[in-house]
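# Structure assessment
So the chains spell out like this:
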Amino acid sequence: MTTQAYAPALDPGRPREPRVLRPVDVDAAAEGSHTVRSRAVAAVATALATHVAVEDELLYPALAAHTGRHDAEIERQLQQDHLLDLVMVELGGMLPADRGYDGKVRVLMQVFRQHARDAEALLLPELRRRLGPAERELLGRRVLERVGQLEGRPRWRW
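Residues numbered from 1 in each chain as written. Predicted model: local features only at pLDDT ≥ 70, side-chain atom pairs only at ≥ 80, totals over all residues. Heavy atoms only, no water.

## A look at the overall build of the protein
Put simply, the test is: Helix numbers and strand numbers start at the N terminus; a helix is a DSSP run of H or I with at least 4 residues, a strand a run of E with at least 2. Relative accessibility decides the category of a residue: with a 1.4 Å probe and only protein chains considered, values under 20% of the type maximum give buried, values over 50% give exposed, and everything between is partly exposed. Contacts were defined at the residue level, with two residues in contact if any of their heavy atoms lie within 4.5 Å.
Across its full length, the protein carries four helices and two strands. Along the protein, from the amino end to the carboxyl end, the secondary structure elements read β-β-α-α-α-α. For the protein, the residues scored as buried account for 39% of the 158 residues in total. Across the protein, contacts joining residues at least 24 apart in sequence account for 63% of those joining residues at least 6 apart.

Here you go:
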């Protein structure tokens, strides 16, 4: 089964088109040649950096503003973000041939999948429930604007 994340990237088939969200095959980070794996991890890093920034800067604060508190679920999501950061930093200093690289990639994929499932099952429904249509529209526009600002600028240095 192939898992995909959406990474802001240029569509290579249309060099003059504006940037679009394009799926990234996160399983490629654990398979194939060293070059393929390195490129896949770099694409995942870009997608994760954008994902984490949008959550931390926009989604969690929007939810906290409506609940008046910083609940345990948001804290757990933030800790998953932190774990993703740590693994990506470590992978950024490694080569696919290094001992432990494949294990770190597998951990990264496992934490990312769980994090995405949690966000879809808990965070997004809570935002839909607590925010009115106008607030959701505004938040959606802010998310798209922020994604546009972050395209091509991963948090992790390669």
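## What about the pattern of salt bridges?
What counts is decided by this rule: One side-chain nitrogen of Lys or Arg within 4 Å of one carboxyl oxygen of Asp or Glu is enough to make a salt bridge.
With the rule as written, the count across this model stands at seven salt bridges. The partner of Glu-126 in a salt bridge is Arg-129, with the nearest N and O atoms 2.7 Å apart. With Glu-126 and Arg-129 both in helix α3 (residues 101-130) and three residues apart, the pair spans about one turn of that helix. Arg-129 sits in the exposed class, given a relative accessible area of 57%. Close ionic contact of Glu-126 with Arg-130 constitutes a salt bridge, the shortest N to O distance being 2.5 Å. Taken together, the residues Glu-126 and Arg-130, both in helix α3 and four residues apart, mark about one turn of the helix.

## A look at the packing of helix α1 (residues 34-67) against helix α4 (residues 133-150)
Let me state the cut-off plainly: Helix axes are fitted only over the stretch in contact, all axes being lines through C-alpha atoms; the angle between N-to-C directions runs from 0 to 180 degrees. By the definition adopted for this analysis, an angle is roughly parallel if under 35 degrees, roughly antiparallel if over 145, roughly perpendicular if from 65 to 115, and oblique otherwise. Each helix crossing is assigned a hand: it is left-handed if the near helix lies turned anticlockwise from the far helix by less than a right angle, otherwise right-handed if that turn is clockwise.
Look at α1 against α4: their axes get within 9 Å of each other, and the N-to-C directions meet at 155 degrees. The angle between α1 and α4 falls in the class roughly antiparallel. The two elements α1 and α4 cross, and the hand of that crossing is right-handed. Within the contact between the two elements, α1 uses Thr-50, Ala-53, Val-54, Glu-57, Leu-58, Leu-59, Ala-62 and His-66 and α4 uses Glu-135, Leu-139, Arg-142, Val-143, Arg-146, Val-147 and Leu-150.

## A short note on the environment of Leu-84
Mapped onto the elements of the fold, Leu-84 is located in helix α2 (residues 72-92). Judged by relative accessible area, Leu-84 falls into the buried class, the value being 1%.

## Concerning α1
Quick reminder of the rule: Given the number of residues in a helix, its expected span is that number minus one, multiplied by 1.5 Å. Note on bend: at a given residue it equals the angle between the axes fitted to the 7 residues ending there and to the 7 starting there.
Spanning 34 residues, α1 covers 46 Å between terminal C-alpha atoms, matching the ideal 50 Å at 1.5 Å per step. The largest bend along α1 reaches roughly 40 degrees and is located at Glu-55.

## What about the confidence of the model for the protein?
Defined as follows: pLDDT expresses, on a scale from 0 to 100, how confident the predictor is about each individual residue.
Mean pLDDT over the protein: 78, with 75% of residues reaching 70 or higher. Here strand β1 (residues 4-9) is the element of the protein with the lowest mean pLDDT, 44, and α4 is the one with the highest, 92. Scored below 50 in pLDDT, residues 1-21 makes 42 contacts in the model with residues more than four places away or belonging to other chains.

## Quick look at the packing of α2 against α3
The criterion, for reference: All amino acids are sorted into three groups, where Ala, Val, Leu, Ile, Met, Phe, Trp, Tyr, Cys and Pro are nonpolar, Asp, Glu, Lys and Arg are charged, and the leftover types, Gly among them, are polar.
Put simply, α2 and α3 touch, their axes get as near as 10 Å, and they point 155 degrees apart. Here α2 is positioned roughly antiparallel relative to α3, judged by the angle of their axes. Note on packing geometry: the crossing formed by α2 with α3 is left-handed. Two secondary-structure elements touch here, α2 through Glu-73, Arg-76, Gln-77, Gln-80, Asp-81, Leu-83, Leu-84, Val-87, Met-88, Glu-90 and Leu-91 and α3 through Tyr-101, Lys-104, Val-105, Val-107, Leu-108, Val-111, Phe-112, Gln-114, His-115, Asp-118, Ala-119 and Leu-122. When grouped by side-chain class, the residues that make up the contact of α2 with α3 number 13 nonpolar, four polar and six charged.

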